[in-house]
Amino acid sequence: MAKVLVVAEQRDGRLKKSSFELLGASSAAGNETHAILLGEGVAALGKELGQYGAKTVHVADSPALKFYTGEAHAKIILDFAKSQGFDVILGSHTPTGRDLMPRIAAGLNVGLASDCTSLKFEGNKIKVRRPVYAGKATAEVEFIGNGPQMASFRPNALGVPKPDTGKSAEVANLSPATSGFKTKVSDVAKGASGRPDVTEAAIVVSGGRAMKNAENFKILEEMADVLGAAVGASRAAVDSGFRPHRDQVGQTGKVVSPALYIACGISGAIQHLAGMRTSKVIVAINTDPEAPIFQIADYGVVADLFAEVPLLTAEFKKLKEH
Amino acid sequence: MNIYVCIKQVPDTETKIKLNSDNTGIDTAGIKWIMSPYDEFAVEEALRLREKNAGSTVTVLSAGPARVVEAIRTALAMGADHGIHVEIPETADSNMSAKALAGALKKEAKVDIVFTGKEAIDDGAAQVSQLAAEYFGIPCVTVVLGVEYGASLKCKREIEGGAFEMVETPLPAWIAAQKGMNEPRYASLPNIMKAKKKEVKALKAADVGVADSDQKIRFKNFELPPPKQAGKKIAGEPAAQAKELVRLLHEEAKVV
């Protein structure tokens, strides 16, 4: 059994599903599972973390922590971790976790295995694997030296457990110093779409060069909104100016691992496949039956996407209304 | 200003990855090496900052085996003034690389700002910027799309779901660039020729205080992804295809 700290994440008072994945994996293996959560008005979220497996939730709730900064969050979590002596510290390879986890590792002078996709507990140690070369290969990560083992996980890689509403966590309040930091966040501009981030979404609908222009992505947005999905794009579509870079899936964009990836008019360049091949189920819609994307697709539809996508959207809508 | 850029050399994105004979790494024979694409935005930003501040210099650093000097030359050909190469093993992890870069920066007289790419595309760990800034002792802002330069820096930082935040930091600071920050220039032929004559200072790990114990993780037991079984092709008219696909996703794959 290991003493595990899960670095939980929230944005605007909503916990990240990726945090539930970590709690579920740790508690299912019978570990003493703690969570730490920082923010403003987040004390009430402790209970929900308990339903996913946290035994104790350590909360730093302060107006000064309303916005994430790597500097402040890392210092607070680092001081806490040092005071407790954890065997294992887990976080998510989300936009926030990517920034945060290395800073904690530096302070503890330990290694961090980032963007892992598998996790096993062995006594008070972990065994993890991660993709390398954007998923063209995977490797096991060996930890060298003493101190807690740290790892961050690709969202959706471990799976979200069912919450147990009968369980709750003990909530412990932390009162860290929240001043004296050099960096500060002055403003947050919300994303316009209201759709989930492409790296965190359970379903991603992506378009390629065959979308022809930016306006045509509307049909993918409509499908995405029926499914609660994010909209992604290939590099070809981004370089043609159809979508912003933040939507790009691939080796020079984002690496995603959703439960369902629907590739529309994407031929499947090696760099794109690298960014989405760990998706659980892949659907490809393309007019070219020889397109490389069909080699990794679980379901292939040889069809004109402009005819197929609206029909699919209608079918998904029927299913959801059922 | 004394401007620094840290870069990494990585296999070209077209590379088909093969494993070495004992699965302890990849087979590097025949690989075409490039500067990691995100680092190009870092180099470009450094050059633009130099152009706005007369008397500034841009120094490019890279830590790695001897081959990484080629990537330093690429940055020099884009227009950087000096290069520094810290020799560390091929198998160095993010922590050792960060210690090497921070150690080399500590030997410099004055460092005003450091740029890096937000991650390298080989291991995609996205760790070195934060680690090295921490070891060098300056604030770090990652995934930066743009900077307003002044007495302090106002950085537009990308967060999830298409949202942004403005992060303010004093100088010196470490800025990790995201694609879209600028449009990197191509090296002109005369600049490529000039770059060959520019000085690249060579440092050993021990010169910058890096020890074997700075390696904290090691990759092993490499595997190639298992070949995917051929999927189902769904035939028929578009309407029938749509119906059948949704049925399969719901009943067989159970993902909707």
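Residues numbered from 1 in each chain as written. Chains lettered and ligands numbered in written order. Predicted model: local features only at pLDDT ≥ 70, side-chain atom pairs only at ≥ 80, totals over all residues. Heavy atoms only, no water.

> Looking at this structure, how should I read the nonpolar core?
It is characteristic of soluble globular proteins that their nonpolar side chains tend to be buried jointly. Residues and elements named next belong to chain B. Grouped together as the largest cluster of nonpolar side chains are 39 residues, with contacts concentrated most on V5, I7, V43, F115 and I175. Tallying contributions element by element places helix α1 (residues 37-52) first for this core, with seven residues. In this structure V5 touches A42, V43, A46, V58, T59, V60, L61 and F115, once residues within four positions along its chain are discounted. (Core = buried A, V, L, I, M, F, W, Y, C linked by side-chain atoms within 4.5 Å. Buried < 20%, exposed > 50% of the residue type's maximum accessible area, 1.4 Å probe, protein only. Helix = DSSP H or I, 4+ residues; strand = E, 2+ residues; numbered from the N terminus. Contact = heavy atoms within 4.5 Å.)

> What exactly am I supposed to notice about unusual backbone geometry here?
What you tend to see is this: most non-glycine residues have negative phi, and most peptide bonds are trans. The step from L171(B) to P172(B) runs through a cis peptide bond, and the omega angle for that step is -10°. As for its placement among the helices and strands, P172(B) is situated in the loop between β9 (164-170) and β10 (173-177). The backbone phi angle of D12(A) is positive, close to 55°, even though this residue is not glycine. Among the structural elements, D12(A) can be located in the loop between β2 (10-11) and β3 (14-15). Of note, Y133(A) is a non-glycine position whose phi angle comes to about 50°, a positive value. Along the chain, Y133(A) falls in the loop between β9 (125-132) and β10 (137-143).

> Where do I start with the pattern of salt bridges in this structure?
The full count for this structure, using the stated rule, is 38 salt bridges over all chains. Put simply, K254(A) and E158(B) hold a salt bridge, and the shortest N to O gap is 3.1 Å. Of the two residues, K254(A) is situated in the loop between α6 (235-239) and β16 (260-264) and E158(B) in strand β8 (residues 152-158); the pairing between them involves two chains. By relative accessible area, which is 12% here, K254(A) ends up buried. Here K204(B) makes a salt bridge to E87(B), at a shortest N to O gap of 3.1 Å. (Salt bridge = Lys/Arg side-chain N within 4 Å of Asp/Glu carboxyl O.)

> Could you clarify how one ought to interpret the interface of chain A and chain B in this entry?
It is common to report an interface's size as the accessible area lost on association of the parts. Each side of the interface is counted separately: chain A has 82 residues, and chain B has 74 residues. Together chain A and chain B conceal approximately 7,000 Å² of surface at their shared face, both sides included; 55% is due to carbon and sulfur atoms. Taken together, the connections running from chain A to chain B amount to 10 salt bridges. Where chain A meets chain B, there are 38 residue pairs in polar contact (both at pLDDT 80 or more). Per-class residue counts for the side of chain A that touches chain B are 38 nonpolar, 18 polar and 26 charged. Direction of pairing for β10(A) relative to strand β12 (residues 217-223) of chain B: antiparallel, over a ladder of five bridges. Residue pairing across strands places E142(A) opposite R218(B), the latter belonging to β12(B). (Buried area = accessible area lost by both parts, 1.4 Å probe. Polar contact = N/O pair within 3.5 Å; in protein donor to acceptor, adjacent residues only side chain to side chain. Nonpolar A, V, L, I, M, F, W, Y, C, P; charged D, E, K, R; others polar. Pairing = 2+ DSSP bridges.)

> Explanation requested: α1(B) in the structure shown.
Count 3.6 residues to each turn of an α-helix, and residues three or four apart come out pointing the same way. All names here are of chain B. Between its terminal C-alpha atoms α1 stretches 24 Å, which fits the 22 Å expected from 16 residues at 1.5 Å a residue. Along α1, 12 of the 16 residues are buried, which leaves the element largely enclosed by surrounding structure. Along α1, the residues that are buried comprise P37, Y38, D39, F41, A42, V43, E44, E45, A46, L47, L49 and R50. (Expected span 1.5 Å × (residues − 1).)

> Would you mind going over the domain arrangement of chain A with me for this structure?
Residue and element names in this part refer to chain A. The domain architecture assigned to chain A consists of domain 1 (3-173) and domain 2 (203-321). Across the contact, eight residues belong to domain 1 and 11 residues belong to domain 2. Both faces combined, the contact of domain 1 with domain 2 buries some 730 Å², and carbon together with sulfur accounts for 57% of it. It is A134, K136 and R154 in domain 1 that bury the most area against domain 2; as a group they hold 63% of the surface buried on that side. Across the contact surface, domain 1 and domain 2 share zero salt bridges. In this structure, the connection of domain 1 to domain 2 is made through three residue pairs in polar contact (both at pLDDT 80 or more). When grouped by side-chain class, the residues that make up the side of domain 1 that touches domain 2 number four nonpolar, two polar and two charged. (Domains from an automatic or database assignment.)

> Can you walk me through the sheet that holds β12(B) in this structure?
Hydrogen bonds between backbone groups are what pair the strands of a sheet, and the pairing can be parallel or antiparallel. Strand order in the open sheet formed by four strands is β8(A)-β9(A)-β10(A)-β12(B), and the pairing between neighbours is antiparallel. The outermost strands of the open sheet, each flanked by one partner alone, are β8 (118-122) of chain A together with β12 of chain B. Strand-to-strand twist of the sheet, defined as the mean angle between neighbouring strand axes without regard to direction, takes the value 30°. Of the pairings in the sheet, the one linking β8(A) to β9(A) comprises five bridges and is antiparallel in character. Bridge pairing links E122(A) to K125(A) in β9(A). (Axes fitted to C-alpha atoms, helices over the stretch in contact; angles between N-to-C directions.)

> Hey, could you run me through the domain arrangement of chain B in this one?
Domain boundaries in chain B define domain 1 (2-214) and domain 2 (229-256). A C-alpha centroid distance of 46 Å is found between domain 1 of chain B and domain 2 of chain B.

> Help me out: how do you make sense of the sheet that holds strand β4 (residues 32-39) of chain A in this one?
Residue and element names in this part refer to chain A. The seven strands lie next to each other as β7-β11-β6-β1-β4-β5-β12, forming an open sheet whose pairing is parallel. Bordering the open sheet on either side are β7 (112-116) and β12 (170-173), each of which pairs with just one other strand. Each strand axis lies, on average, 20° off the axis of its neighbour in the sheet, ignoring direction. As paired strands, strand β6 (residues 88-92) and strand β11 (residues 149-153) are joined by five bridges and run parallel to one another. Each residue of the ladder has a partner; that of G91, found in β11, is S152.

> Explain the packing of helix α5 (residues 218-227) of chain A against helix α9 (residues 305-321) of chain A to me, please; I cannot follow it from the model alone.
Two packed helices can be described by the angle between their axes and the distance between those axes. Residue and element names in this part refer to chain A. For the pair α5 and α9, interaxial distance at closest approach is 9 Å and the crossing angle is 15°. Taken together, the axes of α5 and α9 lie roughly parallel to each other. The interaxial crossing formed by α5 with α9 has left-handed handedness. Across the interface between the two elements, I219, L220, E222, M223, V226 and L227 from α5 touch L305, F306, V309, L312, T313, F316, K317 and K320 from α9. When its residues are assigned to classes, the contact of α5 with α9 shows 10 nonpolar, one polar and three charged. (Parallel < 35°, antiparallel > 145°, perpendicular 65-115°, else oblique. Left-handed = near helix turned anticlockwise from the far one by under 90°.)

> What should I look at first to understand the pairing of β11(A) in this one?
Regular strands have side chains that alternate between both faces of the sheet. Residues and elements named next belong to chain A. Counting buried positions along β11 gives five out of five residues, so the element sits mostly inside the fold. Going residue by residue along β11, you find Q149, A151 and F153 tucked away on one face and M150 and S152 tucked away on the opposite face as well. Relative to β11, β7 runs parallel, the two sharing three bridges. Bridge pairing in β11 places L112 opposite M150.

> Just checking my understanding: could you explain the confidence of the model for chain B for this structure?
Regions with low pLDDT should not have their predicted coordinates read in detail. Residues of chain B with pLDDT of at least 70 account for 100%, and the chain-wide mean is 96. Model confidence for the complex: the whole-complex pTM is 0.94, and ipTM, which rates the interface, is 0.95. (pLDDT = per-residue confidence, 0-100.)

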